[in-house]
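These are the residues of each chain, in order.
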Amino acid sequence: MGVSVYTVVYLEVESLKASSAEAKNDVDDRVNKLLLGLGKFNVDEKNVSASSISTAPEYSFGDNEKRVLDGYRASRNLKVTLNNLEHLNAFMDFALSVQLDEITRVELKSSKEAELKNEARALAVADAKERGSLLANAFGATIGKIYSIGSSTDDSIGRYGANNGIERIEVTGSRMGKPQVTGQYLQENIVFSASISVVFDLDVK
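The model shown is predicted, which means the values in this text are computed figures rather than measured ones. (Residues numbered from 1 in each chain as written. Predicted model: local features only at pLDDT ≥ 70, side-chain atom pairs only at ≥ 80, totals over all residues. Heavy atoms only, no water.)

**Observations regarding the overall build of the protein chain**
Inference 1: Tallying secondary structure elements over the protein chain gives three helices and seven strands in all.
Inference 2: Taken from the N to the C terminus, the helices and strands of the protein chain come in the order β-α-β-β-β-α-β-α-β-β.
Inference 3: Burial status across the protein chain gives 26% buried among its 205 residues.
Inference 4: The contacts of the protein chain with a sequence gap of at least 6 include a subset with a gap of at least 24, amounting to 78%. (Helix = DSSP H or I, 4+ residues; strand = E, 2+ residues; numbered from the N terminus. Buried < 20%, exposed > 50% of the residue type's maximum accessible area, 1.4 Å probe, protein only. Contact = heavy atoms within 4.5 Å.)

Given below as structure tokens:
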């Protein structure tokens, strides 16, 4: 089975209303509109996380530094997984059209992420041994048993091709009347990396 690449889109929707119930209902309505349209992008329920919601009063300071209740803010965070990168631009346009407030981030993922991270970690361990041996040999010694292993870090970077000539997307009235330019999101590759720190005993000749 080959490696497949998919995209995870994180979104946020907020509403400020006179009551907590009104804010919640407004947020829920916009999220439901998004969920109803996911079939167009071949996304099913198992690829969506939209379960949490929070509400809180919001205040500002008026005359004489008195705290004034402005209303109640409700917010929900969503995570949608797209298995086809070609759907990304259309999906983001759709999310904004149903008034989701913010696309917080987009992540490129691999179906073999765990396997590739383990491979990167194994290469980091081999590299630590090789570098340790080279440094020890330079001082006329050899590496012995491992004295300690420090923290290791794993990372992955999704790299995309350049979007030359593509306008930045802004949701403002000033864009009305201008020709619409479709965003381009070009998959390049995912780079997995790992680093590890090791202290060896030295066997001095």
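**Concerning the environment of Asn77**
Inference 1: On the secondary structure map, Asn77 appears in strand β4 (residues 67-82).
Inference 2: In this structure Asn77 comes out as partly exposed when scored by relative accessible area, which is 45%.
Inference 3: Linking Asn77 and Glu102, residues 25 residues apart in sequence, is a C-alpha distance of 9.6 Å.
Inference 4: Residues in contact with Asn77, not counting those within four places in the same chain, are Leu11, Glu12, Ser49, Ala50 and Ser52.

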